[in-house]
Structure formats: structure tokens, C-alpha cells
2 protein chains.
Amino acid sequence: MSTQTKHTALIGFGTVGQGFYHYLAENYEDKNLSEIVIKDASKSRVPNNLNFTTKGKNVFQNKNINTVVELISDDKEAFNIVKKALELGKKVVSANKKMIAHHLEELVQLEQQFGGKFLYEGAVAGSIPIIKIINEHYAFDEIIEIRGILNGTSNYILTQLFEKEIGFEEALQQAQEAGFAEADSTADVGGFDALHKLLILTAHAFGKFILPEKALNIGINNIKKSDLTFAKANNLKIKLVASAKSHNNKLSLSVLPTFVDESDDLFHVKNEFNGIEVVSNNIGSQFYKGKGAGKLPTGHVVFTDYKSIENSRYTYQNIHLGKKIKYETRDSIWVYSNQITLLEKHIENVVLLNGSQGYGSIKIADLIKVKELINIHHVSIIALSDKVKQQLILQFKRKIEFALV
Amino acid sequence: MSTQTKHTALIGFGTVGQGFYHYLAENYEDKNLSEIVIKDASKSRVPNNLNFTTKGKNVFQNKNINTVVELISDDKEAFNIVKKALELGKKVVSANKKMIAHHLEELVQLEQQFGGKFLYEGAVAGSIPIIKIINEHYAFDEIIEIRGILNGTSNYILTQLFEKEIGFEEALQQAQEAGFAEADSTADVGGFDALHKLLILTAHAFGKFILPEKALNIGINNIKKSDLTFAKANNLKIKLVASAKSHNNKLSLSVLPTFVDESDDLFHVKNEFNGIEVVSNNIGSQFYKGKGAGKLPTGHVVFTDYKSIENSRYTYQNIHLGKKIKYETRDSIWVYSNQITLLEKHIENVVLLNGSQGYGSIKIADLIKVKELINIHHVSIIALSDKVKQQLILQFKRKIEFALV
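The residue count restarts for each chain, going from 1 along the sequence in the order it is written. Ligands are numbered from 1 and chains lettered from A, in the order in which they are written. Confidence filtering applies because this is a predicted model: local features only for residues at pLDDT of at least 70, side-chain atom pairs given and counted only at 80 or more, and all residues used for totals across whole chains, interfaces and linings.

Draft legend 1. A look at the sheet that holds strand β2 (residues 33–37) of chain A. All names here are of chain A. In this analysis, strands are considered paired if DSSP registers two or more bridges between them. Strands are runs of DSSP state E lasting at least 2 residues, helices are runs of H or I lasting at least 4, and numbering of each runs from the N terminus. Spatial strand order, β3-β2-β1-β4-β5-β6: 6 strands in an open sheet with parallel pairing. With partners counted over all chains shown, the strands left at the sheet margins are β3 (52–53) and β6 (117–119), one partner each. Relative to β6, strand β5 (residues 91–94) is paired through 3 bridges, and the arrangement is parallel. Bridging from a neighbouring strand, Val93 pairs with Leu119 of β6. We call two residues in contact when their backbone-placed C-beta atoms lie within 7 Å. Only C-alpha atoms enter the line fits that serve as axes; for helices the fit covers just the stretch in contact. Angles between N-to-C directions range over 0 to 180 degrees. Contacting β1 (8–11), β4 (67–70), β5 and β6, helix α3 (residues 75–87) crosses the sheet at an angle of about 155° to β5.

In C-alpha cells form, the structure reads like this:
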């Protein structure tokens, strides 16, 4: 075990920064905290007697600082900080999923080139140690699929929509009032945040770095009451499911609202919780569930990274396999929509249920193409899990038989 | 990372031993396997061209052997092997939960005294890396409660009982035919195996070593069709739940068939799967689910221990806290029974439901006392989770009100 004294700069003192500080102080490690870089010196802070500074550049002039904990919200600024720190060979902890999803390949190269360390368990799935689990528990296994609920805010909203039978706008407002959604909710309800986390997991599980712009994310913002009515009538729930699958060296990715049935572990993930199913060759299917967000759970995970950074690093053991894997968007998936006819150019095997409500199959690449159209016309798109697809098809057949009788 | 060459003795070549060997060969590590100790040289083996030997004592005469993988079923013999190997400072991997539950405190002392290593993730909850998670993810958190389904065989039987509406004996026979239960099923259906695993987790989570003889385990062998009828009528399931709770430095332990409702994660753990809920101060409630048994899942976990043993050891970070914790059996729990009147000396707050069927509260210490009586008279004992207790009490009140109308 390393006995080098830690000299730490904490950059950012928002929700997660304060959570991290809480554990630092609780474990008598705040003595190693050289400075806390903040943007706005005029804000009142609790506690207010710490070494606050607005001069972020000093972090890199002070050669004693060997450990940097980056917890700011601006992803561009965060990238500059983390990049610079890694170029100086420092130990870096971050939880900035957007920044990491966009720059992970480069940051891993810098970590290796300059001998620093880079941990970021807090960036994915809040309190579930999924990156560590993939790195260590699946080190000698082959992951086939990861699917999960990775955004606590949208899961909270979906739970409220379902239980209170209210509309999306009302549920969003309630979530904002309860502190579960930010004023600008685009990243959460638009599925961007879930996509960023999925792409970080994809790098670890499949050794493949995919940029967010190249992948499909459809959010929950177009979900209608009629979609919920349809779900309930069929004993289903709607969840925002992020999925990465590898089959025959082809990788398929998506973030989509999805109908799930009672036998699906994701059906039982409620409110701000996250849940992740990992399917692998050797150990089969495993499921992990825990709080997806919050000052203390995330602050605690960041603190655990901080404590273990001397003695651990991510292995990225699958990068050599990733070179063989091709990212593929031509696979078709089955989706339901409240305006299925609007997608007519791209959709096949359409079954109309009621007015313009129906389902059919569509290529992921085509869904990426029509994403703008979907948002302009408020078209709901909800994927069908394999089991739900079979259930709906069976039902449809029964209806036809009934009509023929 | 250590670069010392591994010279490995594998002791035992049963189900898990063969599973372990499968991964050893798959990863080209079988070259480090010096010998495989077996008991019966006349049995045909696949593959049959390995270095089999029946001379177990040679393992300790061959000084080159630095790593011992112990996978035999006899717990007394296993203890002798592991003890001796640790006294010689060797690296040891085991999956023998009965042996470990009975001797962990001594083995940990030997590990520390002689500078060996001792890992045993495969002993608890099959493919779920729960020991590693407790050691690393909860290193700076305080665990309040661990509760889970830790025995795949009894969960398989309970699932069959429930879905097929058959009796216990028939379900046991089917499980044996399907290879999910051994000829001698006492350890599994009697709750002993679950208790052993619970006690290993208790050492890690609460720093407390409790001997199996001092703790309560009631199995599923007395569960009646009428109990299942009662469960179904109340939308409940019966699961064999192992639980360890610490409150105000008092530790409470039990393994009991338990009524769980749909909101409980354990409700959805089916067949041979295991599920574990961990509740902690900082990160709240987490849930882990995975295959609880089987040649390949367990063999894989043993192989992962084997691969990581140079660079990791269990921290037992809570042993110093364990000294403050008192093991307590005077707490009362609520239980249902098909013959509640047989427990009349010990049970309080009895509500009779139908004939001798009813529920009430009883001290854990008293349940330990009457364990033999329970088995002689085939008395079913099923604990009520807090939520289920409230539900039943409410129902009972409604019935009375209805009768009074």
C-alpha cells in the first residue's frame, strides 16, 4: 500500500462535492484537502471556513497536489481540468458522465501515457459499483448484454406518471419541486444522461468507445396518457431502458422507453432507483439495484474511489476485443407508437391497434434519422421487449380469430 | 503485480472442482496445476490425463506448491487442509461454506499470523460477488442489515411448490431428479447451508464471528399445502430468508421461511437464483441477484479468486467494531404457524385464524429452544416481514368489524 501523503484539490462544491466533503470530514481526511476550487466566491458556503479559491489554475501550479477530485457540472471545463491533471500524472476522480462519455478514449490514453490514475464510479448508476464489478467480477467472463435503468430522474417521473395517472408535464413539475429533477431537464428526460452512462459501461464491458452523437437516445418526454393506458391494460410498465448487446462481434446500442412485463427485473425498479442486468457467458444473468442519485450516495461512491485510488486502476481488459467488434445500427427493433403512421417510410410489419396507435419493426439507424421529426410531432416511441412483443402478437391474433368467429 | 509463478494444487474434483478446472484450461492456466488430489482413484475422470493423486499429504511436502484450491465436500478434512496450508503461508482458495462458517475466526488469525492469503467468494451466494462488495464498496459505510435468499436448492423447491401446487416431498424429489438437490438434502432444506453463508457475511459486514450452533435456522421441510394456500390468498410468497441486523450495537440473526409481499425484492427471486438486500447508512438499500449454484457459475467465481489472490486480500475492516457488538437472541419476531397452539408456552399476542393456524410473536431464543419439537411435530413456522405483519393485522381487524356488523 502506498504511504505517500495525499494533497488534494477538490474542484466544485455543488451537491456531489458537498456530499464528498461530508465523508472526507467524517473520516478525518479533510486534513489532506489543500484547496476547494469554486466559481462564485460570493455564494455562502456551509461550512464556510474551508480553503476556497476561485483560482482554478493554481491547482496545476502547486506541485504538491497529487490528487484531483473533479466535481463541476460544466463538461467542457471538466474535460480541460481532467486532461491537464492526467497529463501531469496526477490521480483523478471524476463523476462527470457527459464529459467522460465524450472523451474517455483520449483520457484512458493519457492515464496510461503519463502514469496517472483515473477513477469515476460515481459517474454511472449512482451507488451501484457497476464499473468495479465489470472490471473485477467479469474479468474472465464474456459479457453479452447490459441493460438497465440508468437515470434516476426519468425513472422517478415514470413512476409518478404511472402511480398518479398524471401527464408528463405535471409529473416533471412535481419532480422538480421534489428536487428530483433540475430546472433544465433535457439531459435526464431526453435520455442523454442514460446514454452517456451506457457508453461508459460499453467501454468497460465490450472494449468499444462510441461517441454519444452516433448512438440512439429517445427520451420519455413524448409519452402520453394513452400510452400509459395501453401499458396498464396489458399489465406492463414503461421504463427508460439503456441497452448494449454484443452478438457475433456486432455491437448494438439504444436508449429507449420500453414496455416491460412483471417477469422483468426492471419492472420492479421504482422512483429514483437504478437497476442493471448483466448477462454473461459464464455466470449467466445478474441483477444489481440501488439508489441512482443523491448527494450522499454519489458523494460516498466518489469518496470510495478517492480512498482506493492509490491501490486500484481500471483494467479496460476488453479494449483488445473491442477492436474486433463492429458497432452496428442496422438491426431492427420492435416499437409501439401513438402515431405509428408518421413513421411509415421506415417501419415494417405494422399492426394498427386503435387510430394511429400501433406497433412494428424499425432499424435503429432509421430511428436516429427521425429523432427530430419525433420530437417536433410529439410522437411517442416505446420499444417492446422480446417477451412483450410475443404477448402483443398473440393478443392480436386472438382478436382476429375472435372477429372471424 | 506479483510475478511469482503459481504452483497449484487442486484438492477435490467434484462439480465445482471440474468447473474451476474448465476455466483454468480455457485461460491456458492449467500449466500451473501441479497436482489434483482426489479420494477415489478408481472413478473415471474427464479429462483423465491430468496429474491425479490420492496422496493428499504430498501437497505439503512439495515446497514448490504456493497455491491451494480446496474444493472437497468433507468439511472436517477441508479444515485440516486449509489450516495446514495457511500455517505454511500458502495462498488458499476455498468454497466450503460449512467449514468456513465453523472456523473463520481461527483461519483469519492464521492468515494474518503466517502471511498467507485466504479467499472464498465461491462459498457465499454463488455468482454474486457479495464478499468483495462488502469489503470494498462498503469499506467506508456502515451496514445495518443484510437479508437474502442464500440457498438455491430450497428456493428452487419453494418455487416449484408454489407454481405447481405440489407437496414438499414431491417437490424435493423433483429437485433431486433435476439435479438441483443432493440425495442428502438436510443442509439445504433445513436452512443449515443458508445459515453458514449468513454467518460468513456477518463476519465481513459486522465484524462478528458467530458459531452456527448459536444461531437460529428453521428450514422449509415442514411447509404444508395449507401454508401455501394461505400465502396465495394473501398475495404472498414463502421464501427462505437469512437475515442479520445490527441496531444499537445489538446483532440479531435468523434463517426462517418468511412471507414476503410483491414490493419485496426477494419476492421476485425464482428457482435456483439467490438475492441479497444490503441496507447501509450512506448508500441506502441495494439489491443483488444472480445464480446461486451450479458447476460453471461457482467454478468461475473460484477461478476469479484464484486469479486475483496475488493482489487482493479480505480486509475484515469491521472486526474492531465487532468487539462492541453484542449478539442478541432475546428479540421477538412475528411468526405464522399451522400449529400455533403447540408453541403456546412461548408465543405472545396470538391471533388464531383457522383451527390451529395462527400467528403471534416469539423470542428468537425460544425458537432455538423448540427447534426439535417443531421438527418432531412437523410444525410449520413462517416469519412475517414488517409489511406483511401490518397487512395481516389490518385484515384481522376488518374481519372482526365485519363480524360485529
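Draft legend 2. Examining the confidence of the model for chain A more closely. With 98% of its residues at a pLDDT of at least 70, chain A reaches an overall mean of 92. Reported confidences for the modelled complex are a pTM of 0.93 and an ipTM of 0.91. The quantity called pLDDT is the predictor's confidence in a given residue, expressed from 0 to 100.

Draft legend 3. Focus on the relation of the copies chain A and chain B. By a simple turn and slide, chain A fits onto chain B: the slide is 0.0 Å along the axis, the RMSD is 0.0 Å, and the turn is 180°. Those values place the two copies in the arrangement expected of a two-fold rotation axis. No C-alpha of chain A approaches the rotation axis more nearly than that of Tyr288 of chain A, which lies at 2.3 Å. In this assembly the copies share their binding face: 100% of the residues contributing to the interface of chain A also contribute to that of chain B. Our superposition of the copies is a least-squares fit, built on the C-alpha atoms of residues whose pLDDT is at least 70 in both.

Draft legend 4. Spotlight on the interface of chain A and chain B. Contact with chain A, which involves 29 residues of that partner, is made by 29 residues of chain B. Going through the elements one at a time, α5 (130–137), β11 (284–291) and α11 (295–308) of chain A are the ones with two or more residues in the side of chain A that touches chain B. Just so you know the grouping, Ala, Val, Leu, Ile, Met, Phe, Trp, Tyr, Cys and Pro go in nonpolar, Asp, Glu, Lys and Arg go in charged, and all remaining residues, Gly too, go in polar. The residue inventory of the side of chain A that touches chain B, partitioned by class, reads 12 nonpolar, 10 polar and 7 charged.

Draft legend 5. Highlighting the sheet that holds strand β4 (residues 67–70) of chain B. All names here are of chain B. The strand order β3-β2-β1-β4-β5-β6 describes an open sheet built from 6 strands, whose pairing is parallel. Unpaired on one side and paired on the other, β3 (52–53) and β6 (117–119) mark the two borders of the sheet. Sheet analysis places strand β2 (residues 33–37) next to β3, joined by 2 bridges and oriented parallel. Along β3, the bridge assignment pairs Ile36 with Phe52.

Draft legend 6. Region of interest: the packing of helix α4 (residues 97–114) of chain A against helix α9 (residues 192–206) of chain A. All names here are of chain A. The geometry of α4 relative to α9 is characterised by a closest axis approach of 9 Å and an angle of 45° between their N-to-C directions. One finds that α4 runs oblique with respect to α9. For the pair α4 and α9, the crossing hand works out as left-handed. On α9, the residues that touch Lys97, Lys98, Ile100, Ala101 and Leu104 of α4 are Asp193, His196, Lys197, Leu199, Ile200 and Ala203. Within the contact of α4 with α9, the residues separate by chemical class into 6 nonpolar, 1 polar and 4 charged. Roughly parallel here means an angle under 35 degrees, roughly antiparallel means over 145, roughly perpendicular means 65 to 115, and every remaining angle is called oblique. Crossings are assigned a handedness: left-handed for a near helix turned anticlockwise from the far helix by less than a right angle, right-handed for a clockwise turn.

Draft legend 7. Quick peek at α5 of chain A. Most of α5 of chain A is tucked away, with 8 of its 8 residues classed as buried. For α5 of chain A, the complete set of buried residues consists of Ile130, Ile131, Lys132, Ile133, Ile134, Asn135, Glu136 and His137 of chain A. Residues of α5 of chain A that are buried sit in contact with α9, β10 (273–280) and β11 of chain A together with α5 (130–137) and α11 (295–308) of chain B. Any residue surrounded by 20 or more other C-beta atoms within 10 Å of its C-beta is treated as buried, while 12 or fewer makes it exposed and the intermediate range makes it partly exposed; C-beta atoms here are placed from the backbone.

Draft legend 8. Seen up close, the domain arrangement of chain A. Residue and element names in this part refer to chain A. Where each domain begins and ends follows an automated or database-derived domain assignment. Split into domains, chain A comes out as domain 1 (8–119), domain 2 (130–292 + 318–325) and domain 3 (332–404). On a C-alpha basis, the centroid separation for the pair domain 1 and domain 2 is 28 Å. Facing the 7 residues of domain 1 at the interface are 9 residues of domain 2.

Draft legend 9. How the structure looks around the environment of Leu10 of chain A. Residues and elements named next belong to chain A. Position of Leu10 among the secondary structure elements: in strand β1. Measuring from C-alpha to C-alpha, the distance between Leu10 and Thr67 comes to 8.6 Å, with 57 residues separating the pair along the chain. Beyond its immediate sequence surroundings of up to four residues, Leu10 is in contact with Gly17, Phe20, Tyr21, Leu33, Ile36, Val69 and Leu71.

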